[in-house]
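Fold and contact review
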Amino acid sequence: DNDPADANGHGTHVSGTIAGDRGNGVGVAGIADGARILPMRVLDGTGSGQVSDVILAYSYASQVGARVVNLSLGSTSSSRAERDAIAAFPTMLFVAAAGNGGADGVGDDNDALAAYPCAYLLPNVVCVAASDNRDALAGFSNYGARSVDLAAPGVSIASTWPGGGYSWSSGTSMATPHVSGAAAMLWAAAPGSLPTDIS
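Notes on the structure in this doc start here. This structure is a prediction, so every number in the text was calculated from the model and none was measured.

1. What to know about a nonpolar patch on the surface
- On the surface, a nonpolar cluster with roughly 320 Å² of combined accessible area is contributed by Leu-38, Met-40, Tyr-60 and Val-64.
- Structurally, the position occupied by Met-40 is in the loop between helix 1 (10-19) and helix 2 (51-63).
- Assessed through its relative accessible area of 32%, Met-40 is described here as partly exposed.

2. Observations regarding the packing of helix 1 against helix 4 (residues 172-189)
- Between helix 1 and helix 4, the shortest axis-to-axis distance is 8 Å and the interhelical angle comes to 35°. The way helix 1 lies across helix 4 gives a crossing that is right-handed. Between helix 1 and helix 4, the residues in contact are His-10, His-13, Val-14, Thr-17 and Ile-18 and Ser-173, Met-174, Pro-177, His-178, Ser-180 and Gly-181, respectively.
- Its residues assigned to classes, the contact of helix 1 with helix 4 shows four nonpolar, seven polar and no charged.

3. Digging into unusual backbone geometry
- In this chain, Tyr-116 is followed by Pro-117 through a cis amide linkage whose omega measures 10°.
- In this structure, Pro-117 sits in the loop between strand 2 (93-97) and strand 3 (125-131).
- You will see that Asp-135, though not glycine, has its phi angle at about 65°, which is positive.
- With respect to the helices and strands, Asp-135 occurs in the loop between strand 3 and strand 4 (150-153).
- The phi torsion at Ser-156 lies on the positive side, around 50°, for a residue other than glycine.
- Mapping Ser-156 onto the fold places it in the loop between strand 4 and strand 5 (157-161).

Rules behind the numbers
- Per chain, residue numbering runs from 1 following the sequence as it is written.
- Selection of residues for local features in this predicted model requires a pLDDT of at least 70, selection of side-chain atom pairs for listing and counting requires 80 or more, and totals for whole chains, interfaces and linings are taken over all residues.
- Values reported for side chains reflect all heavy atoms of the structure, with hydrogen atoms and water molecules removed beforehand.
- The patch calculation keeps residues exceeding 30% relative accessible area without a salt bridge and links them within 9 Å when they carry like charges or within 5 Å when they are nonpolar (Val, Leu, Ile, Met, Phe, Trp, Tyr).
- Computed by Shrake-Rupley with a 1.4 Å probe, the accessible areas treat only the displayed protein chains as cover when residues are assessed.
- Any Lys or Arg side-chain nitrogen found within 4 Å of a carboxyl oxygen on Asp or Glu counts as a salt bridge.
- By the criteria applied, helices consist of DSSP H or I runs no shorter than four residues and strands consist of E runs no shorter than two, each listed in order from the N terminus.
- Summary of the burial criterion: residues with accessible area below 20% of their type's maximum are buried, those above 50% are exposed, and those between are partly exposed, where the area comes from a 1.4 Å probe applied to protein chains only.
- Axis definition: a line fitted to C-alpha atoms, over the contacting stretch in the case of helices. Angles run 0 to 180 degrees between N-to-C directions.
- For a crossing to be left-handed, the near helix must be turned anticlockwise from the far one by less than a right angle; the clockwise case is right-handed.
- Contact between two residues is taken to exist if any of their heavy atoms lie within 4.5 Å; hydrogens are not considered.
- All residues other than Ala, Val, Leu, Ile, Met, Phe, Trp, Tyr, Cys, Pro, Asp, Glu, Lys and Arg, Gly among them, are scored as polar; the first ten of these are nonpolar and the last four charged.

See the structure below:
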């Protein structure tokens, strides 16, 4: 629907990491504080949803001129329709979370047990693992020599929370917006770039 209100907190946290105001002495500073956020809620308050809604969001983002799509979400199920949709928007960069392992809380090898959309090997997809404060791979983070491109801070990340507060969260979902924000800054500096130039 057309109500992007955050029913979980996850999206607000991600948005603050990307574009939280800096220099105001309040809360957190986003990576790309001049970036504009296009909030699109495709999952319910429990984090569940349909890939068809995610695909509709890709289409809408393209229609309104988005350049970077932050995908702090994922599934172990591959979707040909989703892969084709991402491939159909070659001027957008899709920055996807690598995933947080299974029920054991230990990261998995995405090359063997894939998480999507991270594992779609497309030129406009960047897959992001989570690192800790020692620049080591977080224990919960998925990894993969072929499918995971880089890691970014994803442990105990402070960011915005619904209602005007702040919260600390960990996950590859928290790492992904660091890369999305960096991509937005690169595109601002070189607006004629292609996704392959940015990634």
